[in-house]
Amino acid sequence: LKDWYRCLKPNGKLTLRMPDLRLCCLNYLAAEDERHKWWYSRTMFGIQVSQVTGQADEHQFHLCGYSKEDMKFKLEQLGFKIEKCFNYDGFDTPSLHIEARK
């Protein structure tokens, strides 16, 4: 996030979309069957494999997770101004959309 802030021109816009860790955790805890628990655990950590080839896919791993509140706080601490911040359903994954400006 620091590098993105540094590289953006003044008034540059950052758009982030990611699973909302808090909501994924709540959905995991509320899941009433193993299929849904499996899905929400994958939304937190990444599916680990390509949906096309079934092979390991480095782009399907989540290295960290944030709630809406945590991400807003981190961005604001770096100097970003939050323009939009909302949750949405990203392919059955509770997700977060943030638009921030330098």
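These numbers come from a predicted model, not from an experiment.

### Here we look at the sheet that holds strand E3 (residues 94–101)
With antiparallel pairing, the 3 strands of this open sheet are ordered in space as E1-E3-E2. Taken across any chain shown, the strands that pair with only one partner, and hence form the sheet edges, are strand E1 (13–19) and strand E2 (81–89). In this sheet, adjacent strand axes meet at a mean angle of 15° when their direction is disregarded. Bridge count for E1 against E3 is 7 bridges, and the pairing is antiparallel. Looking at the pairing, Pro-19 lines up with Ser-95 of E3. Contacts from helix H2 (residues 21–30) reach E1, E2 and E3 within the one sheet, and its direction differs from that of E3 by about 170°.

### Digging into the layout of surface pockets
Put simply, the largest pocket is a space of about 360 Å³. Elements with a contribution of two residues or more to the lining of the largest pocket: E1 and helix H3 (34–45). Across the lining of the largest pocket, the residue classes tally to 7 nonpolar, 9 polar and 2 charged. Estimates place the volume of the second largest pocket at around 220 Å³. Forming the walls of the second largest pocket are Met-18, Pro-19, Leu-21, Thr-43, Met-44, Phe-61, His-62, Leu-63, Cys-64, Gly-65 and Tyr-66. Taken together, the residues of the lining of the second largest pocket sort by class into 8 nonpolar, 3 polar and no charged.

### Section: the packing of aromatic side chains
Tallying each qualifying case throughout the model produces 3 aromatic pairs. Here Phe-86 and Tyr-88 contribute two aromatic rings whose centre-to-centre distance is 6.5 Å and whose plane-to-plane angle is 65°, an arrangement assigned as edge-to-face. You can call Tyr-88 partly exposed: its relative accessible area is 29%. Over the face of the ring belonging to Tyr-28 we find Lys-37, whose NZ or CZ atom lies 5.9 Å from the ring centre. A cation over a ring is seen here: Lys-102 above Tyr-5, with NZ or CZ 4.9 Å from the ring centre.

### Notes on the side chain of Thr-43
Turning to its location among the elements, Thr-43 is positioned in helix H3. Judged by its relative accessible area of 5%, Thr-43 falls in the buried class. Of note is the side chain of Thr-43, whose polar atom sits 2.7 Å from the backbone oxygen of Tyr-40. For Thr-43, the residues in contact, after removing those within four places along its chain, are Pro-19, Cys-24, His-62 and Thr-93.

### A closer look at the confidence of the model for the chain
When pLDDT is averaged across the chain, the result is 90; 100% of the residues are at 70 or more. Considering each helix and strand of the chain separately, the mean pLDDT is smallest for H3, with a value of 86, and largest for helix H4 (residues 68–78), with 97.

### Overview of the pattern of salt bridges
Two side chains that carry opposite charge are able to pair once their charged atoms sit near each other. According to the stated counting rule, one finds 3 salt bridges in the structure shown. Arg-6 is paired through a salt bridge with Asp-3; the nearest N and O atoms lie 3.5 Å apart. Taken as a pair, Arg-6 and Asp-3 lie in helix H1 (residues 2–7) at a separation of 3 residues, close to a single helical turn. Residue class for Arg-6 comes out exposed when judged on its relative accessible area of 57%. Between Arg-101 and Glu-83 there is a salt bridge, and its shortest N-O distance comes to 2.8 Å. Of this pair, Arg-101 sits in strand E3 while Glu-83 sits in strand E2, and the two are 18 residues apart along the sequence. With relative accessibility at 42%, the residue Glu-83 sits in the partly exposed group.

Rules and cut-offs
- Residues numbered from 1 in each chain as written.
- Predicted model: local features only at pLDDT ≥ 70, side-chain atom pairs only at ≥ 80, totals over all residues.
- Heavy atoms only, no water.
- Pairing = 2+ DSSP bridges.
- Helix = DSSP H or I, 4+ residues; strand = E, 2+ residues; numbered from the N terminus.
- Axes fitted to C-alpha atoms, helices over the stretch in contact; angles between N-to-C directions.
- Contact = heavy atoms within 4.5 Å.
- 1 Å grid on protein atoms, 1.4 Å probe; cavity = no way out; pocket = protein on both sides within 12 Å on 5 of 7 lines; lining within 4 Å.
- Points joined across faces, edges and corners; volume = space filled by probe spheres on them.
- Nonpolar A, V, L, I, M, F, W, Y, C, P; charged D, E, K, R; others polar.
- Phe/Tyr/Trp six-rings, centres within 6.5 Å; stacked < 30°, edge-to-face > 60°.
- Buried < 20%, exposed > 50% of the residue type's maximum accessible area, 1.4 Å probe, protein only.
- Lys NZ or Arg CZ within 6 Å of the ring centre and 35° of its normal.
- Polar contact = N/O pair within 3.5 Å; in protein donor to acceptor, adjacent residues only side chain to side chain.
- pLDDT = per-residue confidence, 0-100.
- Salt bridge = Lys/Arg side-chain N within 4 Å of Asp/Glu carboxyl O.

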